[in-house]
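Tertiary structure, described
Okay, here's what each chain looks like letter by letter:
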Amino acid sequence: MELNLDSEVLKAYGFNKENIKITQIGTGLINRTYLLSPSSTTKQYILQHINTLVFANPLAMANNLKAIANYLLKKFPEYLFIKPISTIGGEEMAYVNEEYWRLLPFVEDTVSLDVLVDENQAYEAAKQFGKLSRLLNDFDASTLEPTIPGFHDLGLRFKQFTVVVSEASKELKDEAKAEIDDALRYKYLLDFFKSYSHRADFPDRVMHHDTKISNVLLNAETFEGVCVIDLDTIMPGKFISDLGDMLRTYLCAFSENEIDLSKVKIRINYFEATVKGYLSEMKNILTDTEKELILFSGRYMIYMQALRFLTDFLSGNAYYPTNYPTQNLDRAKNQFKLLQEISANEKELQDIIDGNL
Ligand code: GN1
Ligand code: MG
């Protein structure tokens, strides 16, 4: 396979192409990730190419990580925070041929899962993300720079959707008619959010913003949570971003790529495990308003992801890589089905939340 990796990048970190095994790994849609195994040591490394079409300001990303790493090291020295390794020139990232790369340590004896097959994995993952939020509770989120401005701003995502609808071809709009109708029908979720957004006890926190299961490392034997990874989108946000994306991605046994919608169902026990794991860290930190919005956080994130996939389909699949032309439309269908499942089980899910608060 063509690795698409300039040997100058390796040199920036003191590696030599001849003495290193390089494997492309990971399933992220945005950045390319490689596992480096130098023959001179048993240590392994993760090398990532940063997609600057998405992360237009890699320096903001590097500065955020540095500030958070310093804070955590000082206040919670035991906490395992995976921060990038500097180049031999002492830079946070390698800049080669107008592209940014960064190197991370590979954490031994851990696994990253693509699907959850046991509810304890949901508990452990939610606990890890909750723990990061708890440890950063006193960190002033306003000192961080958004690495993607408006990333989880539902109002902005809705606006982008309406603009794209007004510009898309009739053919694409006809194909996506049912999903466009769904997107408009669920707009009440945005209005509901707006009615809360100015409350004093609805703070901006330091959020990870990408809490899917593959972004947590679990112990390879016990499957206990070890640490969180993929820290590009750490920036200020509402608690909704982290808990909501866990609810979006942990409850169904099949991913957003599943096209058989009869398989898109929620697993109540995974819901309970996710809520329990998160609250084991955050119960005493969340405000009353945030506690009221626990179930809503899932709805917000699922709706936003549906809008993002649908918007991308209508604008010619410019953002999310696809394997076939209608994949982003199928992903949107999948997310709308998931949203419907949350509504159908609302009472039971809310009872679980209430029982754990
Ligand atoms: C992208 O690259 P990846 O797979 O970690 C996206 C997330 C979406 C996710 C959907 C920077 O994440 O917001 O939820 O795809 N990240 C960015 O699979 O857009
Ligand atoms: Mg990511």
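Residues numbered from 1 in each chain as written. Chains lettered and ligands numbered in written order. Predicted model: local features only at pLDDT ≥ 70, side-chain atom pairs only at ≥ 80, totals over all residues. Heavy atoms only, no water.

Before going further, it helps to examine the overall build of the chain. Counting its regular elements, the chain contains 13 helices and ten strands. Against the compact-globule benchmark of 21 Å for 357 residues, the chain has a radius of gyration of 21 Å, which places it among compact chains. Projected onto the principal axes, the alpha-carbon positions of the chain cover approximately 55 × 50 × 40 Å. Here the chain, with 357 residues, has 52% of them falling under the buried criterion. Restricting the contact set of the chain to residue pairs at least 6 apart, pairs at least 24 apart contribute 73%. For the chain, the exposed area adds up to about 16,600 Å²; of that, 50% sits on carbon and sulfur atoms. Of the charged side chains in the chain, 38 are positive and 51 negative; the average position of the first set lies 2 Å away from that of the second. (Helix = DSSP H or I, 4+ residues; strand = E, 2+ residues; numbered from the N terminus. Rg over C-alpha atoms; globule rule 2.2 N^0.38 Å. Buried < 20%, exposed > 50% of the residue type's maximum accessible area, 1.4 Å probe, protein only. Contact = heavy atoms within 4.5 Å. Areas by Shrake-Rupley, 256 points an atom, 1.4 Å probe, with all protein chains shown as cover. Lys, Arg positive; Asp, Glu negative; His and termini not counted. Charge placed at Lys NZ, Arg CZ, Asp CG, Glu CD.)

Right, let's get into the site of ligand 1. Near ligand 1 you find 16 residues, and of these D210, K212, E256, Q305 and Y319 are the closest. At a separation of 3.2 Å, an oxygen atom of ligand 1 approaches a polar side-chain atom of R248. Within the side chain of Y319, one N or O atom sits 2.5 Å away from an oxygen atom of ligand 1. In the complex, the protein chains occlude 94% of the 440 Å² of accessible area that ligand 1 would expose alone. Each residue belonging to the shell around ligand 1 can be placed in one class, and the counts come to eight nonpolar, two polar and six charged. (Near = heavy atom within 4 Å. Polar contact = N/O pair within 3.5 Å; in protein donor to acceptor, adjacent residues only side chain to side chain. Nonpolar A, V, L, I, M, F, W, Y, C, P; charged D, E, K, R; others polar.)

Turning our attention to the sheet that holds strand β6 (residues 110-111). The strand order across the open sheet formed by three strands is β6-β8-β9, and the pairing between neighbours is antiparallel. With partners counted over all chains shown, the strands left at the sheet margins are β6 and β9 (225-228), one partner each. With two bridges joining them, β6 and strand β8 (residues 216-219) adopt antiparallel strand pairing. What sits directly across from T110, in β8, is N219. Of the strands in this sheet, β8 and β9 are in contact with helix α3 (residues 119-135), which crosses β9 at around 45 degrees. (Pairing = 2+ DSSP bridges. Axes fitted to C-alpha atoms, helices over the stretch in contact; angles between N-to-C directions.)

Distances from the magnesium ion (ligand 2) to its protein donors, D210 (OD) and D230 (OD), fall at 2.0 to 2.3 Å. With D210 in the loop between β7 (205-207) and β8 and D230 in the loop between β9 and β10 (235-237), this pair connects stretches of sequence that are 20 residues apart. On the basis of relative accessible area, D210 is assigned to the buried category, the value being 19%. (Donors = N, O, S within 2.8 Å, 3.2 Å for Na, K, Ca; no water.)

With that out of the way, let us pick up the pairing of β9. Of the pairings in the sheet, the one linking β8 to β9 comprises three bridges and is antiparallel in character. The residue bridging L218 from the neighbouring strand is G225, located in β9. Between β8 and β9, which follow one another and run antiparallel, lie five residues, and F223 among them has a positive phi close to 65 degrees.

With antiparallel pairing, five strands are arranged side by side in an open sheet as β1-β2-β3-β5-β4. Looking along the sheet, the strands with just one partner apiece sit at the ends: β1 (20-25) and β4 (94-96). Along the sheet, successive strands turn relative to each other by an average axial angle of 30 degrees, direction set aside. Pairing of β4 with strand β5 (residues 99-105) involves three bridges; the strand directions are antiparallel. Within the sheet, the bridge partner assigned to Y95 lies in β5 and is Y100.

Before going further, it helps to spend a moment on the UniProt feature "domain: Aminoglycoside phosphotransferase" (unreviewed entry) in the chain. The feature "domain: Aminoglycoside phosphotransferase" (unreviewed entry), as annotated in UniProt, sits at residues 21-252 in this numbering. The span residues 21-252 shows a helical share of 36% and a strand share of 19%, and its end C-alpha atoms are spaced 36 Å apart. (UniProt positions renumbered as here; feature names shortened; annotations may be inferred.)

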